[in-house]
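Secondary and tertiary structure notes
Spelled out, the chains give:
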2 protein chains.
Amino acid sequence: MGVQDGENAAGAADVEGKHSKSALKKAAKELEKAAKKQAYKAEKGGPEPSEGAAGGRVDEPDISEFRYGELPLNQSQIKETRTVTRVEAVNKSLANKTVLIRARLHTSRAKGKQCFVVLRQGRSTIQMLVAVGPGISKQMLKFVTNVPKESIVDVVGVVQPVPKPIESCTQSEVELSCHEFWVVSLSAPKLPLQIDDATRRVTDDADEDNLNIRVNQDTRLDNRVLDLRTPTNQAIYRIEMGVCKLFRAALEKKSFVEIHTPKIIPAASEGGANVFTVSYFKGSAFLAQSPQLYKQMAIAADFEKVYTIGSVFRAEDSNTHRHLTEFIGLDLEMAFDTHYHEVMDTIGATFTEIFRGLRDHYADEIKTVGKQYPADEFTFLDPPLRLEFPQAVQMLREAGVDQGDEEDMSTPTEKLLGRLVKAKYDTDFYILDKFPLAVRPFYTMPDPNNPKASNSYDMFMRGEEILSGAQRIHDPTLLCERATHHGIDLEKIKGYVDSFRYGCPPHGGGGIGLERVTMLYLGLDNIRKTSMFPRDPKRITP
Amino acid sequence: MGVQDGENAAGAADVEGKHSKSALKKAAKELEKAAKKQAYKAEKGGPEPSEGAAGGRVDEPDISEFRYGELPLNQSQIKETRTVTRVEAVNKSLANKTVLIRARLHTSRAKGKQCFVVLRQGRSTIQMLVAVGPGISKQMLKFVTNVPKESIVDVVGVVQPVPKPIESCTQSEVELSCHEFWVVSLSAPKLPLQIDDATRRVTDDADEDNLNIRVNQDTRLDNRVLDLRTPTNQAIYRIEMGVCKLFRAALEKKSFVEIHTPKIIPAASEGGANVFTVSYFKGSAFLAQSPQLYKQMAIAADFEKVYTIGSVFRAEDSNTHRHLTEFIGLDLEMAFDTHYHEVMDTIGATFTEIFRGLRDHYADEIKTVGKQYPADEFTFLDPPLRLEFPQAVQMLREAGVDQGDEEDMSTPTEKLLGRLVKAKYDTDFYILDKFPLAVRPFYTMPDPNNPKASNSYDMFMRGEEILSGAQRIHDPTLLCERATHHGIDLEKIKGYVDSFRYGCPPHGGGGIGLERVTMLYLGLDNIRKTSMFPRDPKRITP
């Protein structure tokens, strides 16, 4: 626990000098004007209005007047540039300096004439001590003690080094000695979930203090605004942003053009199953199951290399750890010169850049997630490992699995293969090339040398498929031939086939599920952990 | 017109040296093997099979054998790294060098024993001369002449400077002397639209040669794969990508976090009107009209500054030049410290960075678009001009418009105001702040000093609104009060209101329509020109 070094005179003077004409004081004066407007707040169960800055009993003058209280609702009354310090920046280098911080009241614990407050901002926390003494009245202490957790506060305090690290805070070297304490936005006093509970490590042993309470997934998702405040979630969605950013950077270096493809489409893009219907004025339409047709049209329209990041919809009644009805697709498609391996290698190298970028630039975030959800570090090879389907079949057979030459792999088989590959090659990422033609969509280019194989590949992370791709048939005649072989009505794919009638370069591509990449990179167990507002057959809220 | 300087011996030797073992030759050998497979191509009306590399009359040996023909369908038969030159890179510096190019056959014109071919690659074109002479047979000339426009070809040729610039090509200093000519992908001989017609400047006077043919919008959109190949469209969608890229760069510098928000939502996000219904398993759902609720939830969830780029859906039966039923929203939302102008200024500065970035890095593309659709250069001020609503009302009244103090502006009034602002301040972009409270949504923060005003703003480009934004009400009680005032059923917005019950920082934001920004920056007249696959009440194809 931190120790209060006593009021620092220089620090206090600093406060006066820096903040006497600050928004805080002006705002405090606004309080009275705004008192009537604020009356409705009482019903929320926050601090009693009589305890505001203008409060305190009349017979007991408050030495802390204008040092604390509830600020009026911010309606942009005052325009001012203030020096606000980030919690993550508060360390020993700021010793004895006075700082102004806006943060959440994470926890508070009164102990006699003191109150230990933990302030939280994103993934950072710092302890603040409010101790009755020069400048800090009993009324102020009581006010602070009564502010509900999760309220947003503006505090002014002096940075004090502590002799023993405060293990419970990220800013462990210092604490703040409180000088001012203003409530910016009150939280309701009863929270549907506690941030600490929602951050608790799954494998923690029971401990007496917190009864080892954890928060189940539905409670989290029903109260997503609170759940997303955990350091773990703050980290996860920054890593997810990183995946997109690194994906774009890798492709833009290679002159890919970003495009946007329509989600409302006239016909089911990948066959009739699993598609959502939309009522469209007097008719109806569908939600795109992938941007593939449009990516390919962009190639036929001379954009050469394209990518698109956008929502993808699957009306699949799959209630599993890895299916969503709406997810973010990272899709790319490119013309190639002689061989589809140009495409496959581009995608492989893109993954390598993503993995390397995450490792090098998101180490802190990955560590934060690992504290709650421990996982082995993600391993990868550069260039990535490429196996051919028959090699996988052989590895599986050697491991006792009855895998057919032209049979698609089941999910458990894929996972087993992932373990075998990891054991043999020490990589969590690999490419499986040359899938059997029979298990791929009609538009997949057949292998020129082996009538049972195709120019197609899947890519895997920790044994789960995260990309499916191929060379596409760019010749309308062969495309019709293959569609007919698959029993597809040519009339229904006329628009698609016609895209290739006016010359189209050989091309290929693939589609990646963003949430799956983030989930598997971090070794998480459920895709709902990497979708900010997940959609599945049973959930479309919030 | 370019002049053929005659066969260059050094160049020819170069060809042998560089390409004798090339994919082209190997591929040519594959031709025979593939002959049977290719039989189906005859029906497409391309060059007659007898004219392939193996063709020519038996009694007349073809000196160009293995120099031309139709390549077998690329199924990735051969894996090879070839040196392919971009058309845009072919200029005098490559004089007398032999290059290999993959491009479209844009046009071809036979003239006696010569054929002038124009090759097109993206926005670049180059002339190639095929002249009967050493190495080039009559059969080869005939073959080249018969290849349909828009076919994709691999050509090998020697770069020859020309004495007089070839005005009709982007590469005007040089032409290619053809050595090899291989068809990679044949186009159907009849095109539903001609690329040259689709590229013709709107204001061009009639000229005898081309009868001043232009292509109407429906024909373009019905054949979008062809239409998108025009240099104008190649440029437009690169500029549109630039808008996204510059938007992201500006915000990422300021620590914004990219998020993704669901498109399938349980209730209409902005009131019940104009929303598409989706059948969702046994129930139904809606398509999001904006990501606003989710952006605000991300702010309440401590992400501080967020942006999202994604599809937005409006079931509005508006058949105008600027409405789409599906478009790309560039949305942002941020917590601020004291005043919503922090948000407004951030958005304004983001626009400035976009405009400056387009001007500085997309000058070529802008010039290309301007050739077909001339427009005045887009002007802007840094920092942007900010007017308040009452100032606009006064300017309009001085111009004779009967504009009410609390009345929203009509589209024609907005356009007039744009012209007045341009005349007075010389800017095509400005911010209009402090809209009347009465014309804004219920969640808009009222002005603290003027009960009839609000903390909200619109932003305009060339007199058309491209962003609407505001400080949002972050207090649940005031939010309910305002919703009730607007006659909104509180039960229906419960989820939204509840997001603010556990403390929320003051915040604001706005949403931008990507297609509108691109359209207005370029001074185009229809939003269908800046949506790759536009959706409106009457069109959901292709």
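Along each chain, numbering runs from 1 in the same order as the chain's sequence is written. Here chains are named by letter from A upward and ligands by number from 1 upward, in the order in which they appear as written. Local features are withheld for residues below a pLDDT of 70 in this predicted model, meaning they are given only at 70 or higher, and side-chain atom pairs are given and counted only at 80 or more; totals for whole chains, interfaces and linings count all residues. The basis for every side-chain value is the complete set of non-hydrogen atoms in the structure, without hydrogens or water.

**Details of the overall build of chain A**
- Along chain A, the regular secondary structure elements total 15 helices and 17 strands.
- A simple rule labels every residue: compare its accessible area, found with a 1.4 Å probe on the protein chains alone, to the largest value its type can have, and call it buried under 20%, exposed over 50%, or partly exposed in between. For chain A, the proportion of its 542 residues judged to be buried stands at 60%.
- By definition in these notes, contact holds between two residues if any of their heavy atoms fall within 4.5 Å. If you take every contact in chain A between residues at least 6 apart in sequence, the share linking residues at least 24 apart comes to 70%.
- Only the protein chains shown count as cover for residues, and the accessible areas themselves come from Shrake-Rupley with a 1.4 Å probe. In the form shown here, chain A has an accessible surface area of approximately 21,500 Å², with 50% of it arising from carbon and sulfur atoms. We count a stretch as a helix when DSSP gives it H or I for four or more residues in a row; a strand needs E for two or more, and each element gets its number in order from the N terminus.

**Section: the interface of chain A and chain B**
- Tallying the contact residues gives 112 residues for chain A and 112 residues for chain B.
- Three residues, A:H260, A:F281 and A:Y502, lead the burial of chain A against chain B; their summed loss comes to 8% of the area buried on that side.
- Only one rule defines a salt bridge in this text: a Lys or Arg side-chain nitrogen within 4 Å of an Asp or Glu carboxyl oxygen. One salt bridge in this structure joins B:E258 and A:R248, with 2.9 Å as the shortest N-O distance.
- Pairing of N or O atoms within 3.5 Å defines a polar contact, subject to two protein rules: one partner must be a possible hydrogen donor and the other a possible acceptor, and residues neighboring in sequence count only if both atoms are side-chain atoms. In this assembly, chain A and chain B are joined by 66 residue pairs in polar contact (both at pLDDT 80 or more).
- Of the residues forming the side of chain A that touches chain B, the biggest block, nine residues, is contributed by helix α7 (residues 231-253) of chain A.
- Throughout this entry, Asp, Glu, Lys and Arg are counted as charged residues, while Ala, Val, Leu, Ile, Met, Phe, Trp, Tyr, Cys and Pro are counted as nonpolar. The remaining residues, Gly among them, count as polar. Of the residues belonging to the side of chain A that touches chain B, the class tally is 55 nonpolar, 26 polar and 31 charged. Defined in terms of a 1.4 Å probe, buried area is the accessible area two parts forfeit on being brought together, summed over both.

**Focus: the side chain of A:H106**
All names here are of chain A.
- Positionally, H106 belongs in strand β2 (residues 98-111).
- With a relative accessible area of 11%, H106 lands in the buried category.
- Side-chain polar atoms of H106 contact the side chain of D196, separated by 3.0 Å.
- Residues contacting H106, with those up to four places away along its chain left out, are V118, L119, R120, K149, E150, I195 and D196.

**Describing the pattern of salt bridges**
- Enumeration over the complete set of coordinates arrives at 76 salt bridges over all chains.
- A:R224 is paired through a salt bridge with A:D227; the nearest N and O atoms lie 2.7 Å apart. Of this pair, A:R224 and A:D227 both sit in helix α6 (residues 224-227), three residues apart, roughly one helical turn.
- Since its relative accessible area comes to 1%, A:D227 is described here as buried.
- Between B:D197 and B:R200 there is a salt bridge whose closest N-O contact spans 3.0 Å.
- A network of salt bridges, in which partner residues are shared, links A:R104, A:R120, A:E150, A:R229 and B:D302.

**Remarks on the nonpolar core**
- To qualify as a nonpolar core, a set must consist of buried Ala, Val, Leu, Ile, Met, Phe, Trp, Tyr and Cys residues joined through side-chain atoms within 4.5 Å. Judged by nonpolar contacts, the single largest core of 162 residues is most densely connected at A:F351 and B:F351.
- Excluding residues within four positions of it along the chain, B:F351 makes contact with B:F429, B:M459, B:M461, B:I466, B:L467, B:I512 and B:V517.

**As for helix α3 (residues 138-146) of chain A**
- What α3(A) keeps buried is the set A:Q139, A:M140, A:L141, A:F143 and A:V144.
- Buried residues along α3(A) sit against β1 (68-70), β2, β3 (114-121), β4 (124-131) and β6 (174-185) of chain A.

**Topic: the relation of the copies chain A and chain B**
- When chain A is fitted onto chain B, the two copies agree to an RMSD of 0.0 Å after a turn of 180 degrees and an axial shift of 0.0 Å. Considering both components of the superposition, the chain copies are consistent with a two-fold axis. In terms of proximity to the rotation axis, the leading residue of chain A is A:V278, whose C-alpha is 2.2 Å off the axis.
- Comparing interface residues between copies, 100% of those in chain A also sit at the interface in chain B, which points to an isologous, same-surface contact. Residues reaching a pLDDT of at least 70 in both copies supply the C-alpha atoms on which the copies are superposed by least squares.

**Topic: the sheet that holds strand β7 (residues 257-258) of chain B**
Residue and element names in this part refer to chain B.
- A pair of strands is treated as paired once DSSP finds two or more bridges between them. Pairing within the open sheet is mixed, and its eight strands lie in the order β7-β11-β12-β17-β16-β15-β14-β13. Two strands close off the open sheet at either side, each with one partner strand: β7 and β13 (385-388).
- The sheet contact formed by strand β16 (residues 464-471) and strand β17 (residues 507-513) spans five bridges and is antiparallel. Opposite G469, over in β17, you have G510 as the bridge partner.
- Contacting β11 (305-313), β12 (326-335) and β17, helix α8 (residues 292-300) crosses the sheet at an angle of about 25 degrees to β12. Lines fitted to C-alpha atoms define the axes here, with helix axes fitted over just the stretch in contact, and angles between the N-to-C directions of these axes take values from 0 to 180 degrees.

**With respect to the sheet that holds strand β16 (residues 464-471) of chain A**
Residue and element names in this part refer to chain A.
- Strands sit in the order β7-β11-β12-β17-β16-β15-β14-β13 across an open sheet of eight strands; the sheet is mixed. Because the sheet does not close on itself, it has two edges, and the strands there are β7 (257-258) and β13 (385-388).
- Its contacts with the sheet put helix α9 (residues 341-361) on β12 (326-335), β13, β14 (429-433), β15 (456-461), β16 and β17 (507-513), and the angle it makes with β15 is roughly 10 degrees.

**Re unusual backbone geometry**
- Of note, the amide linkage connecting A:T541 to A:P542 takes the cis form, showing an omega dihedral of -10 degrees.
- Inspection of the secondary structure assignment puts A:P542 in the segment after α15 (514-522).
- Cis geometry marks the peptide bond from B:D382 to B:P383, where omega comes out at 0 degrees.
- Positive phi outside glycine occurs at A:E150, with the angle close to 75 degrees.
- When you line up the elements, A:E150 lands in the loop between α3 and β5 (152-161).
- The backbone phi angle of A:K434 is positive, close to 65 degrees, even though this residue is not glycine.

**A short note on α15(A)**
Residue and element names in this part refer to chain A.
- Buried residues dominate α15, accounting for nine of its nine residues.
- If you check which residues of α15 are buried, you get L514, E515, R516, V517, T518, M519, L520, Y521 and L522.
- Remark: G523 follows α15 within two positions and exhibits a positive phi of approximately 70 degrees.

**With respect to the packing of α9(A) against helix α10 (residues 363-372) of chain A**
Residue and element names in this part refer to chain A.
- For the pair α9 and α10, the least separation of the axes is 5 Å and the interaxial angle reads 80 degrees. Relative to α10, the element α9 is oriented roughly perpendicular. Residue-level inspection shows L358, R359 and H361 of α9 in contact with α10, the latter providing A363, E365 and I366.
- Looking at the contact of α9 with α10, its residues break down into three nonpolar, one polar and two charged. Oblique is the label for any angle not under 35 degrees, not over 145, and not in the 65 to 115 range, which are roughly parallel, roughly antiparallel and roughly perpendicular in turn.

**Quick notes on the packing of aromatic side chains**
- Side-chain rings of Phe, Tyr and Trp (the six-membered ring for Trp) are treated as a pair once their centres are within 6.5 Å; stacked means planes under 30 degrees apart, edge-to-face means over 60, and tilted covers the remaining angles. The full count for this structure, using the stated rule, is 44 aromatic pairs over all chains.
- With a centroid separation of 5.8 Å and an interplanar angle of 85 degrees, the aromatic rings of A:F281 and B:F276 are classed as edge-to-face. Placement of the pair is A:F281 in the loop between β9 (277-280) and β10 (283-287) and B:F276 in the loop between β8 (264-265) and β9 (277-280), with the two residues belonging to separate chains.
- On the accessibility criterion, A:F281 (30% relative accessible area) is partly exposed.
- Residue B:F276 is classed as buried on the basis of its relative accessible area, which comes to 2%.
- Here the aromatic rings of B:F355 and B:Y521 are separated by 6.1 Å at their centres, their planes lie at 15 degrees, and the arrangement is stacked. Of this pair, B:F355 sits in helix α9 (residues 341-361) while B:Y521 sits in helix α15 (residues 514-522), placing them 166 residues apart in sequence.
- A residue is classified by how much of its surface remains accessible, and B:Y521, at 8% relative accessible area, is buried.
- Three or more aromatic residues link up through ring pairs in this structure, and these residues are A:F351, A:F355, A:F378, A:F380, A:F429 and A:Y521.
- Its guanidinium or amino end placed over the ring of A:F435, A:R440 lies 4.4 Å from that ring's centre, counting from NZ or CZ. Two conditions define a charge sitting above a ring: the NZ of Lys or the CZ of Arg must be within 6 Å of the ring centre, and it must be within 35 degrees of the ring normal.

**Re the domain arrangement of chain A**
- As far as domains go, chain A holds domain 1 (68-185), domain 2 (195-227) and domain 3 (231-529).
- The C-alpha-based centres of domain 1 of chain A and domain 3 of chain A are spaced at 48 Å. Start and end points for every domain follow an automatic or database-based domain assignment.

**A look at the environment of B:Q471**
- Residue placement: B:Q471 occurs in strand β16.
- We classify B:Q471 as buried; its relative accessible area is 0%.
- Separated by 39 residues in sequence, B:Q471 and B:G510 have C-alpha atoms that sit 9.1 Å apart.
- Within the local environment of B:Q471, its side chain forms a polar contact with the side chain of A:S76, the two groups lying 2.7 Å apart.

**A look at the environment of B:F116**
- Mapped onto the secondary structure, B:F116 falls in strand β3 (residues 114-121).
- Spatially, the C-alpha atoms of B:F116 and B:Q127 are 6.8 Å apart, while their sequence positions differ by eleven residues.

**A few points about the environment of A:G310**
All names here are of chain A.
- Along the polypeptide, G310 turns up in strand β11 (residues 305-313).
- Exposure remark for G310: the relative accessible area of 16% places this residue in the buried category.
- A sequence separation of 159 residues divides G310 from S151, and the C-alpha atoms of the two residues are 35 Å apart.

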